[in-house]
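# What the coordinates show
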Amino acid sequence: MLGVTRKYPSLRRLAGVTLLAASVSLGAGSSSAQQLTASSDHQQQDVFPKSAAKHAESMAAVTPSAPPARSDVRPIQRAPARGPYYVDFRARTAASYGHAFIWYGKTSEKEVEIAGLAPAGDTLPYILGHIIFVPSETGATYGDLDEQYLTASYRVYLNEAEAKKVFAYIKHLQETSPVWNAATTNCTAFIGRIATFMGLNAPFHLLKPEEYVNQLRELNGGRKTVQVEPDQG
């Protein structure tokens, strides 16, 4: 080969040019391959994190999160137990503006005790009682047991210890209320003293019986139980 190139100088030049071109071509191909590989790797690095992020977002969307911890949970409040005894403040119709009185007793028994304050006798004592004090009666009066005459009612329950004190006070009040007067010692004032003894708020006594009983319930929020003071009785 060497002898041929010496004999033909032009062939030697052609071979040199050919070798140079081949080396340039190989270098360019290697560089392009490196650039292609680097570009491919870079694209993979960009694509894979985005796919992973989208996958994480989709999983978070479909996976239910745990409910937040509740620190404001309150225990169930149970209504206070009603005692087996009661006092029922009642109002009924009458020939005039009505009458206020109480029923009291034990819830398991049909029989009831009745207490109230009214003028003893018929029309004349009632008329005079608007001017002076007249003799009174403190038990049941006509119509106290008839539900058709009832206009208002507010019942409060007591336990045995409380009932013993309250019932004893009612008996004492009946024994120490010998007179009736429309403006002072009337029927609403009588049941108001019982309500006060039981720890209830009592309205002003110069109200019609129906209005008085309704206000008595409203003033005490309709509560169904009471707590009698230990020193009462």
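The rules behind the values
- Residues numbered from 1 in each chain as written.
- Predicted model: local features only at pLDDT ≥ 70, side-chain atom pairs only at ≥ 80, totals over all residues.
- Heavy atoms only, no water.
- Buried < 20%, exposed > 50% of the residue type's maximum accessible area, 1.4 Å probe, protein only.
- Helix = DSSP H or I, 4+ residues; strand = E, 2+ residues; numbered from the N terminus.
- Arc of directions from axis to C-beta.
- Contact = heavy atoms within 4.5 Å.
- Salt bridge = Lys/Arg side-chain N within 4 Å of Asp/Glu carboxyl O.
- Pairing = 2+ DSSP bridges.
- Axes fitted to C-alpha atoms, helices over the stretch in contact; angles between N-to-C directions.
- Phe/Tyr/Trp six-rings, centres within 6.5 Å; stacked < 30°, edge-to-face > 60°.
- Lys NZ or Arg CZ within 6 Å of the ring centre and 35° of its normal.
- Parallel < 35°, antiparallel > 145°, perpendicular 65-115°, else oblique.
- Left-handed = near helix turned anticlockwise from the far one by under 90°.
- Nonpolar A, V, L, I, M, F, W, Y, C, P; charged D, E, K, R; others polar.

Attention now goes to helix α6 (residues 209-219). Every buried residue of α6 is accounted for by Pro-209, Tyr-212, Val-213 and Leu-216. Across the axial projection of α6, the buried residues extend over an arc of 95°, all falling on one side. Elements in contact with the buried residues of α6: β1 (85-92), β2 (99-106), β6 (150-158) and α5 (187-197).

Another point: the pattern of salt bridges. All chains considered together, the criterion is met by 5 salt bridges. Note that Arg-155 and Asp-88 form a salt bridge whose closest N and O atoms lie 3.1 Å from each other. Pair noted here: Arg-155 is in strand β6 and Asp-88 is in strand β1, with a separation of 67 residues, a long-range link. Given the relative accessible area of 2%, Asp-88 is considered buried. With a closest N to O distance of 3.8 Å, Lys-171 and Glu-113 form a salt bridge. Here the residue Lys-171 occupies a position in helix α4 (residues 160-175), and Glu-113 occupies one in strand β3 (residues 113-116), the gap between them amounting to 58 residues. Among the residues examined, Lys-171 registers a relative accessible area of 38% and is labelled partly exposed. A cluster of three or more residues bridged by salt bridges with shared partners is formed by Asp-88, Arg-90, Glu-147 and Arg-155.

Strand order in the open sheet made by the 4 strands is β3-β2-β1-β6, with antiparallel pairing throughout. Looking at strand neighbours, the two that pair on one side only are β3 and β6, the edges of this open sheet. If you compare each strand with its neighbour and ignore which way they point, the axes differ by 20° on average. For β1 and β2, the ladder comprises 8 bridges, and the chain directions are antiparallel. Residue pairing in the sheet places Phe-89 in a bridge with Ile-102 of β2. Contacting β1, β2 and β3, α5 crosses the sheet at an angle of about 35° to β2.

Given two aromatic rings, their pairing is described by the distance between the two centres and the angle made by the two planes. Scanning all chains against the criterion turns up 7 aromatic pairs. Seen from their ring centres, Tyr-142 and Tyr-149 are 6.5 Å apart, and the 45° between their planes marks the pair as tilted. We note Arg-155 situated over the ring of Tyr-86; from NZ or CZ to the ring centre the distance is 4.0 Å.

Turning to the packing of α5 against α6, a few remarks are in order. Where α5 meets α6, the closest approach of the two axes is 10 Å, and the angle between their N-to-C directions is 15°. In this view, α5 runs roughly parallel relative to α6, as classed from their interaxial angle. Considering how the two elements wind past one another, α5 and α6 form a crossing that is right-handed. Of the residues in α6, those in contact with Cys-187, Thr-188, Ile-191, Gly-192 and Ala-195 of α5 are Pro-209, Tyr-212, Val-213 and Leu-216. Its residues assigned to classes, the contact of α5 with α6 shows 7 nonpolar, 2 polar and no charged.

Attention shifts here to the pairing of β3. In this sheet, β3 lies alongside β2 in antiparallel orientation, the contact comprising 4 bridges. The partner of Ile-102 across the bridge, within β3, is Ala-115. Hairpin connection of β2 to β3: 6 residues between the antiparallel strands.

Another aspect to go through is the packing of α4 against α5. Their axes nearest at 10 Å, the elements α4 and α5 cross at an angle of 150°. With respect to α5, the element α4 is oriented roughly antiparallel. Every pair of crossing elements has a handedness; the one defined by α4 and α5 is right-handed. For the pair formed by α4 and α5, the contact residues are Lys-165, Val-166, Tyr-169, Ile-170, Leu-173 and Gln-174 on the first element and Phe-190, Arg-193, Ile-194 and Phe-197 on the second.

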